Amino acid sequence: MLRKIKFVLLAATLIFLVSCKREDRILRQPPPSDETFNTVQISGLNPGANPIPTPPPSNMYEESAYAVSEGQKLYEQYNCVGCHAHGGGGIGPPLMDNNWIYGSEPGNVFATILQGRPNGMPSFRNRIPEYQAWELAAYVRSMSGLLPKGVSPSRSDEMNVKPSEFQTPKQPPTGITGQPEQPK
Amino acid sequence: MTLLTSGVSGRLLAQAMPLEPGRHLILHPGTPQSSHIEWLYWVIFWITFAVFLLMILGFTRAGARAHVDAIEPLPVTKSEEADRKATWAVGSAVAVTVITLFVVLVLSVVTGKRAGGLTSKNPITIQIIGHQWWWEIVYPNPQADQTVTTANEIHVPVGTPVVILTNSADVIHSFWAPSINGKRDLLPGYSSAFWFKVDEPGIYRGQCAEFCGLQHAHMGFSVIAEPVDQFQAWEQQQLKPAPDPTTPEATRGRAVFLTHACLMCHTIRGTDAGSRVGPDLTHLASRNMIAAETLPNSTGALAGWILDPQRIKPGVRMSPNPLAPDDLQALIAYLRSLQ
């Protein structure tokens, strides 16, 4: 009996320790290397017959609720809201839908932020440090429900009578890296 | 009468604890407002000190008298005389406690009224906006180009009443300079006002007094009280845009500032940098301290702060800036020229 209780307590402690990871504050860790982001393909065209599949780099900041909420703060402070609004779009395309013009992988979003894109998206290279671009990429992906619920910010920073952008149900990405868009 | 002398004897104790630079102490008031608070502090101190002495006296007497053998139980007395005595003793003790607490309460309310009332006219107005983890200081003016914006160091003229308007940009902070006035909470989206008048020129340190996040403990500020003419000269200097760099190194430093992460958050009036996320750096070199009164404004501290603020204040909003050595030297030369 005592052994059973001990076992249950140990298991509960372990579960607690694991679940605390989302609260980890990454204050002094190097971001994932940017050497890899160019391996994410955003075009279906390949020279030769068979493309060599390369696994897209993962974004360690997508596991930390702190990093994603930092991304949320930066999204406001660096004036992403100026064009993309709070996900709904305006001058720039909306970010909370399932349509990803330049790919939905973390590396795609990271490259979009740092390199800029035609027709208006400025390049933030040398303007913001890379780890902030990764945090922003994590936040942008959270807006269409691509991040686990436990990591996404639970509420918007604005006073809002509508449900926040994080309540969006998961939008499976379409476009080049996702499934072809279905005609409505 | 004892209440009046309590303040005087307290001053003697305060002199034993001098106010060193970078420290703040409630025992060194610099304004009439903080003198009221200091007076209340000493009144409560001596009342509680007297209570403490009485307690020790009572314990000592009881300890000296009670030689009860542990094996034999205490005799239970059952007489009306003893009952009445006990009731009287407990009743009067409760009464004395309630009266003492009530007196302290009344004195607190009276002190709050005396420290809070606005009695002077023609004050200067300063707006203080709390940020995680620094203070934005604005001297508002109906003419927009006559508005001074600075950070963490509040210059005030001596002998002039100052009205502080509070607000917060993110979470609740609390403005507390013990030598100036009591604590004032800075609430996001809600502006409140209080006032003070500094009598003696000097630098009075303050500190955020409401837990506001990782770097709450290093969210300091200072109130710099100076004669009126000095204050006006400072204000005129602050109104000017940043001076153009005069040396080739500083010119390069300005280019570094405008092509790196600096301009994403900071303003230097007179250049393209105009973001309002971090402190206004237009006259950075005129400040004594950087990083919310954490580091001296010296070349070395500035270099360390720019390269890796996360090492000095983990969690702070400023990102590390791995600059090349000569870029960093040029940038610091430029920032040090912003008088």
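What counts, and at which threshold
- Residues numbered from 1 in each chain as written.
- Chains lettered and ligands numbered in written order.
- Predicted model: local features only at pLDDT ≥ 70, side-chain atom pairs only at ≥ 80, totals over all residues.
- Helix = DSSP H or I, 4+ residues; strand = E, 2+ residues; numbered from the N terminus.
- Buried ≥ 20, exposed ≤ 12 C-beta atoms within 10 Å, placed from the backbone.
- Contact = placed C-beta atoms within 7 Å.
- Nonpolar A, V, L, I, M, F, W, Y, C, P; charged D, E, K, R; others polar.
- Domains from an automatic or database assignment.
- Pairing = 2+ DSSP bridges.
- Axes fitted to C-alpha atoms, helices over the stretch in contact; angles between N-to-C directions.
- Parallel < 35°, antiparallel > 145°, perpendicular 65-115°, else oblique.
- Left-handed = near helix turned anticlockwise from the far one by under 90°.

Participant: What is the right way to read the overall build of chain A from this model?
Facilitator: If you tally the helices and strands in chain A, you get 5 helices and 2 strands. Helices and strands appear in chain A in the N-to-C order α-α-α-β-α-α-β. Within chain A, buried positions represent 30% of all 184 residues. Residue pairs in contact within chain A that sit at least 24 positions apart in sequence constitute 72% of those at least 6 positions apart.

Participant: Help me understand the interface of chain A and chain B, please; the structure alone is not making it clear to me.
Facilitator: It is common to give the size of an interface as the accessible area that goes away when the parts come together. Listed per partner, the contact involves 10 residues of chain A and 10 residues of chain B. Its residues assigned to classes, the side of chain A that touches chain B comprises 4 nonpolar, 3 polar and 3 charged.

Participant: Please clarify how the domain arrangement of chain B should be interpreted in this entry.
Facilitator: Residue and element names in this part refer to chain B. In terms of domain boundaries, chain B breaks down into domain 1 (2-116), domain 2 (124-225) and domain 3 (248-336). Taken residue by residue, the interface counts 15 residues in domain 1 and 17 residues in domain 2. Where the side of domain 1 that touches domain 2 is concerned, the elements lending two or more residues are α2 (32-65) and α3 (80-116). Considering every element that reaches the side of domain 1 that touches domain 2, the biggest residue donor is α2, with 4 residues. Here the side of domain 1 that touches domain 2 is composed, by residue class, of 6 nonpolar, 8 polar and 1 charged.

Participant: Is there a simple way to explain the environment of Arg 317 of chain B in this structure?
Facilitator: Residues and elements named next belong to chain B. Here Arg 317 is to be found in the loop between α8 (309-312) and α9 (325-336). Among the residues examined, Arg 317 registers 21 C-beta atoms within 10 Å and is labelled buried. A sequence separation of 126 residues divides Arg 317 from Ser 191, and the C-alpha atoms of the two residues are 24 Å apart.

Participant: Would you explain the sheet that holds strand β5 (residues 162-168) of chain B in this entry?
Facilitator: One key point about sheets: their strands pair by backbone hydrogen bonds, in either a parallel or an antiparallel sense. Residues and elements named next belong to chain B. Strand order across the open sheet formed by 5 strands is β3-β2-β1-β5-β8, with mixed pairing between neighbours. Single-partner strands in this sheet number two, and they are β3 (148-151) and β8 (192-196). Taken over all neighbouring pairs, the strand axes of this sheet differ in orientation by 25° on average, direction set aside.

Participant: Can you walk me through the packing of helix α7 (residues 299-307) of chain B against α9 of chain B in this structure?
Facilitator: A pair of packed helices is characterised by two quantities: the angle between their axes and the separation of those axes. All names here are of chain B. Remark: α7 packs on α9, axes separated minimally by 10 Å, with the N-to-C direction vectors making an angle of 120°. What the angle tells us is that α7 and α9 run oblique. Our pair here, α7 against α9, has a crossing hand that is right-handed. Together, Thr 299, Leu 302, Ala 303, Ile 306 and Leu 307 of α7 and Leu 328, Leu 331, Ile 332, Leu 335 and Arg 336 of α9 make up the contact between the two elements. Residue composition of the contact of α7 with α9, grouped by class: 8 nonpolar, 1 polar and 1 charged.

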